[in-house]
Amino acid sequence: MSDLFLLLLIIVLLVCLVVTVGGLLLYSGLLSDIVIRTGPPPIRNVTIAYKFKEGPYKDCGAAYTESCSIGPKLNAIGVFYDDPKQRPPEKCRYVVGSILCEGEEKPDEDLQKLYEKFGFKVLSLPEVSHAVTTSFPCTTPLSHVLGPYRVYPRIASYIEERKLCAFPNIEIYRSDVINYMVPLSRQTDFFVPEMKEEVRTDVKEEDSDDDRGTDITGKKILSISMHIGRWTWSRQPAKVQTECQNGEERWFK
Ligand SMILES: *[C@@H]1O[C@H](CO)[C@@H](O)[C@H](O)[C@H]1NC(C)=O
């Protein structure tokens, strides 16, 4: 008799546990609707305090925690440059930080100095007219784990299907929602100086004489290119070009 009671008690407790964990996962956004759109971005031009990192994207949490501990009232931001499917995880580049101000606002100077004291750098990011955007609820710490798993495959297939030239992936953490945006123009303006230093330079001598640039060694520079995710970004003397893997080209300078 008491054995049966014990068994029933265990079953009831197990059911409670499953319901609690299931409820927590659902509340954290496990099944929430993800609508991907092309349209105006969720942020205007912003000034951010950031740290540049290299490593697996799943380890970015510590950097968010650091940034939020300095300015708890500020929205956190992350910019992820590489596609982890195309580059070894330990070589994936990203920045994590906080938004100091947006649009016409001025940054709080004391707060900016505090960020700089802890090794953060300050940079302005431009406003773009169009981006691929979506959002995910930010209700529990689990949302930070579920968000990327649910959102990025959807964004990637949206971009792939429409053959868009969109990168890098940007996340903005607000108190109740995570906004995701992938700019459709001015992509290289979202590169921090540390990214640009990694530019792999290919200096080739040119056979024919024309009006292309010449560097100080007298060699003609044909192109400087760097590989970002699935894209090749190249700087030619007269223009900056982004070439998507699918052959689509967009000129933006
Ligand atoms: C946004 O752009 C405007 C106009 O160029 C500029 O005055 C403002 O300082 C910028 N804001 C931020 C936060 O960078």
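Going along each chain's sequence as written, the residues are numbered from 1 onward. Two thresholds apply to this predicted model, a pLDDT of at least 70 for residue-level local features and 80 or more for giving and counting side-chain atom pairs, whereas whole-chain, interface and lining totals are computed over all residues.

*Asks:* Is there a simple way to explain the overall build of the chain in this structure?
*Replies:* Note on conventions: DSSP H or I runs of at least 4 residues are helices, E runs of at least 2 residues are strands, and numbering of each starts at the N terminus. Scanning the chain from terminus to terminus reveals five helices and 13 strands. To sort residues by exposure, count the other C-beta atoms lying within 10 Å of each residue's C-beta; 20 or more gives buried, 12 or fewer gives exposed, and values between give partly exposed, all with C-beta atoms placed from the backbone. Evaluated residue by residue, the chain yields a buried proportion of 27% over its 253 residues. Any two residues are considered in contact once their C-beta atoms, placed from the backbone, lie within 7 Å. A fraction of 68% describes how many contacts in the chain between residues 6 or more apart in sequence connect residues 24 or more apart.

*Asks:* For this particular structure, what's the right way to read the site of the ligand?
*Replies:* Taken together, the residues surrounding the ligand are N45, V46, T47, C101, E102, G103 and S124. Elements that contribute at least two residues to the shell around the ligand include exactly β2 (46-54) and β4 (93-102). Polar here means any residue outside two lists: the nonpolar Ala, Val, Leu, Ile, Met, Phe, Trp, Tyr, Cys and Pro, and the charged Asp, Glu, Lys and Arg; Gly therefore counts as polar. Among the residues making up the shell around the ligand, the classes are represented as two nonpolar, four polar and one charged. By convention here, the C-beta atom is placed from the backbone, and a residue is near a molecule or strand when that atom is within 6 Å of it.

*Asks:* What am I meant to see in the sheet that holds strand β3 (residues 76-80) here?
*Replies:* Within a sheet, neighbouring strands are paired by backbone hydrogen bonds and run either parallel or antiparallel to one another. Spatial ordering of the open sheet is given by β1-β6-β8-β7-β3-β4-β2-β5, a layout of eight strands whose pairing is antiparallel. The two strands at the open ends of the sheet, each matched to only one other strand, are β1 (37-39) and β5 (121-125). On average, each strand axis in the sheet is tilted by 30 degrees relative to the strand beside it, whichever way the strands run. Strands qualify as paired when DSSP identifies two bridges or more between them. Here five bridges tie β3 to β4, and the two strands are oriented antiparallel to one another. Axes, fitted as lines to C-alpha atoms, cover a helix only where it is in contact. Angles between the N-to-C directions of the axes lie from 0 to 180 degrees.

*Asks:* How should I be thinking about the environment of T188 in this particular structure?
*Replies:* Its place among the elements puts T188 in the loop between β8 (177-183) and α5 (193-197). Considered as a pair, T188 and P168 are 20 residues apart in the sequence and their alpha carbons are 8.7 Å apart.

*Asks:* Teacher, can you tell me more about helix α4 (residues 141-161) here?
*Replies:* Given 3.6 residues per helical turn, the α-helix brings residues three or four places apart onto the same face. When the terminal C-alpha atoms of α4 are compared, their 32 Å separation across 21 residues agrees well with the 30 Å that a helix rising 1.5 Å per residue should span. In this structure, the buried side of α4 is in contact with β6 (131-137) and β8. After α4 finishes, the residue K163 shows a positive phi value of roughly 50 degrees. Between the first and last residue of a helix there are one fewer steps than residues, each counted as 1.5 Å, and that sum is the expected span.

*Asks:* I tried to follow the UniProt feature "transmembrane region" (unreviewed entry) in the chain on my own but got confused; where do I start?
*Replies:* UniProt positions are given in the numbering used here, feature names are shortened, and annotations may be inferred rather than shown by experiment. Per the UniProt record, the feature "transmembrane region" (unreviewed entry) sits at residues 6-27. Its end C-alpha atoms 31 Å apart, residues 6-27 is made of 100% helix and 0% strand.

*Asks:* Would you explain the pairing of β6 in this entry?
*Replies:* Working note: regular strand, side chains alternate between the two faces of the sheet. Burial analysis of β6 places six of its seven residues in the buried class, which makes it a mostly covered element. In this sheet, β6 lies alongside β1 in antiparallel orientation, the contact comprising three bridges. Paired with R37 across the bridge in β6 is T133. Bridge count between β6 and β8: seven bridges; the pairing is antiparallel. Counterpart to T133 in the pairing with β8 is M181.

*Asks:* What should I look at first to understand the environment of Q112 in this one?
*Replies:* For Q112, the position within the fold is in helix α3 (residues 109-117). You can call Q112 partly exposed: it has 18 C-beta atoms within 10 Å. Separated by 64 residues in sequence, Q112 and I48 have C-alpha atoms that sit 9.2 Å apart.

*Asks:* What's the story with unusual backbone geometry in this structure? I'm lost.
*Replies:* For residues that are not glycine, phi is negative in most cases, and the peptide bond is trans in most cases. Here F167 and P168 are connected by a cis peptide whose omega angle stands at -15 degrees. Residue position: P168 is located in the loop between α4 and β7 (169-173). The backbone of K163 shows a phi angle near 50 degrees, a positive value even though the residue is not glycine. Its location among the elements puts K163 in the loop between α4 and β7. Take K163: there are 11 C-beta atoms within 10 Å of it, and that puts it in the exposed class. Within the chain, R186 stands out as a residue other than glycine whose phi angle is a positive 55 degrees. Examined against the element boundaries, R186 turns out to sit in the loop between β8 and α5. Overall, R186 belongs to the partly exposed group, with 14 C-beta atoms counted inside 10 Å.

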